[in-house]
Amino acid sequence: GNSVTQMEGPVTLSEEAFLTINCTYTATGYPSLFWYVQYPGEGLQLLLKATKADDKGSNKGFEATYRKETTSFHLEKGSVQVSDSAVYFCALRSGNTPLVFGKGTRLSVIA
Amino acid sequence: DTGVSQDPRHKITKRGQNVTFRCDPISEHNRLYWYRQTLGQGPEFLTYFQNEAQLEKSRLLSDRFSAERPKGSFSTLEIQRTEQGDSAMYLCASSSSAGKDTQYFGPGTRLTVL
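Residues numbered from 1 in each chain as written. Chains lettered and ligands numbered in written order. Predicted model: local features only at pLDDT ≥ 70, side-chain atom pairs only at ≥ 80, totals over all residues. Heavy atoms only, no water.

Draft legend 1. Molecular detail of the overall build of chain B. Counting its secondary structure elements, chain B contains zero helices and eleven strands. Walking chain B from its N terminus toward its C terminus, one meets helices and strands in the order β-β-β-β-β-β-β-β-β-β-β. The C-alpha radius of gyration of chain B comes to 13 Å, within 12% of the 13 Å expected for a compact globule of 114 residues. When the backbone C-alpha atoms are referred to their principal axes, chain B occupies close to 40 × 25 × 25 Å. Once local pairs closer than 6 in sequence are excluded, the contacts in chain B between residues at least 24 apart make up 53%. For chain B, the computed accessible surface area is about 5,800 Å², with 44% contributed by carbon and sulfur atoms. (Helix = DSSP H or I, 4+ residues; strand = E, 2+ residues; numbered from the N terminus. Rg over C-alpha atoms; globule rule 2.2 N^0.38 Å. Contact = heavy atoms within 4.5 Å. Areas by Shrake-Rupley, 256 points an atom, 1.4 Å probe, with all protein chains shown as cover.)

Spelled out as structure tokens, the structure:
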């Protein structure tokens with residue numbers, strides 16, 4: 001079945017540091033890939049997505065590239081801010097199936 | 001567009017009681033999903049509707065759980081005879097049925113069973 005594995009947290013970075021959160025997946029067919037973010041006390045928000053191989057999703061300075069050859073969708077940001085502190089979830093969806101999520105990675109950015 | 005809303009935001013109940021949660025999707029979305037999220041885990045799929053039809057149910061959805069979407073708009077999720085293991089955040093999401101459309105999530109209902 002479909003599954004997502006993402007790096008365990010928590011991840012603690014200083015402001016302006018480079019961020020990478022690894023995500024790999026197993027799926028049948030050609031899934032769409034997503035990163036969702038959950039800020040403290042808030043619901044899940046879509047951060048970015050990619051629907052086919054080699055697509056790059058980007059939003060708010062975050063980027064992730066759909067790599068079919070390595071079945072990965074790693075999240076990156078060149079310079080994190082305190083306001084980026086949140087839990088980040090990698091997810092996939094094949095066709096009309098429901099989303100399958102990873103366990104989440106908590107990011108804390110300190111000033 | 002006011003987004004997906006859920007009510008209540010928090011619910012504390014005693015073991016054995018019944019609880020019901022409501023989800024109002026984005027108005028033009030015809031698909032509605034329920035997920036459950038426990039501490040330190042990602043959301044897990046429970047069930048989903050296209051219009052008023054319940055098209056898929058997860059094995060996580062025991063006989064004590066029932067979901068409805070009677071008019072294809074809002075949905076309710078009922079848990080009967082709650083157990084402590086039901087304590088979790090219950091998330092609702094909606095999407096259109098167009099292609100690979102994105103799911104948009106509500107704020108969730110946090111259930112605590114004492």
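Draft legend 2. Representation of unusual backbone geometry within the structure. All names here are of chain A. For the peptide bond that leads from Gly 9 to Pro 10, omega is -5°, which places it in the cis range. Its place among the elements puts Pro 10 in the loop between strand 1 (3-6) and strand 2 (11-14). The backbone of Thr 71 sits at a positive phi, close to 45°, despite the residue not being glycine. Relative to the helices and strands, Thr 71 is located in the loop between strand 8 (62-65) and strand 9 (75-77).

Draft legend 3. Examining the interface of chain A and chain B more closely. Across the contact, 19 residues belong to chain A and 21 residues belong to chain B. The junction of chain A with chain B conceals about 1,600 Å² of combined surface from both sides, 48% of it contributed by carbon and sulfur atoms. By the criterion of area lost to chain B, the three top residues of chain A are Leu44(A), Arg93(A) and Pro98(A), representing 31% of everything that side buries. Taken together, the links from chain A to chain B amount to zero salt bridges. At the boundary of chain A and chain B, one finds five residue pairs in polar contact (both at pLDDT 80 or more). (Buried area = accessible area lost by both parts, 1.4 Å probe. Salt bridge = Lys/Arg side-chain N within 4 Å of Asp/Glu carboxyl O. Polar contact = N/O pair within 3.5 Å; in protein donor to acceptor, adjacent residues only side chain to side chain.)

Draft legend 4. Expanded view of the pairing of strand 5 (residues 44-50) of chain B. All names here are of chain B. In terms of burial, strand 5 is a largely internal element, five of the seven residues being buried. Pairing of strand 4 (residues 31-37) with strand 5, which is carried by six bridges, proceeds in the antiparallel orientation. Paired with Trp 34 across the two strands is Thr 47, which belongs to strand 5. Bridge analysis of strand 5 against strand 6 (residues 53-57) gives four bridges, and the strand direction is antiparallel. Considered in strand 6, the bridge of Thr 47 is made with Lys 57. Between strand 5 and strand 6, which pair antiparallel and follow one another directly, the connecting turn spans two residues, one of which, Asn 51, has a positive phi of 55°. (Buried < 20%, exposed > 50% of the residue type's maximum accessible area, 1.4 Å probe, protein only. Pairing = 2+ DSSP bridges.)

Draft legend 5. Main features of the nonpolar core. Ranked by internal contacts, the top residues of the largest apolar core, which has 26 residues, are Trp35(A), Leu47(A), Leu48(A), Phe73(A), Leu75(A) and Tyr88(A). Of all the secondary-structure elements, those providing two or more residues to this core are strand 2, strand 3 (19-21), strand 4 (23-26), strand 5 (32-38), strand 6 (44-50), strand 8, strand 10 (86-93) and strand 12 (105-110) of chain A. If one sorts the elements of this core by residue count, strand 10 of chain A sits on top with four residues. Ignoring sequence-local partners within four residues, the contact set of Tyr88(A) consists of Gln6(A), Ile21(A), Trp35(A), Tyr36(A), Val37(A), Leu47(A), Phe62(A), Leu75(A), Gly104(A), Thr105(A) and Leu107(A). Counting 19 residues, the second largest nonpolar core, distinct from the first, contains Leu46(B), Phe65(B), Ala67(B) and Leu111(B). (Core = buried A, V, L, I, M, F, W, Y, C linked by side-chain atoms within 4.5 Å.)

Draft legend 6. Structural view of the sheet that holds strand 9 of chain A. Residue and element names in this part refer to chain A. The strand order across the open sheet formed by four strands is 3-9-8-7, and the pairing between neighbours is antiparallel. Since the sheet does not close on itself, it has two edges, and those belong to strand 3 and strand 7 (56-59), each with one partner. Strand-to-strand, the axes of this sheet are offset by a mean angle of 15°, without reference to chain direction. Here three bridges tie strand 8 to strand 9, and the two strands are oriented antiparallel to one another. When the sheet's bridge partners are listed, Glu 63 is paired in strand 9 with Glu 76. (Axes fitted to C-alpha atoms, helices over the stretch in contact; angles between N-to-C directions.)

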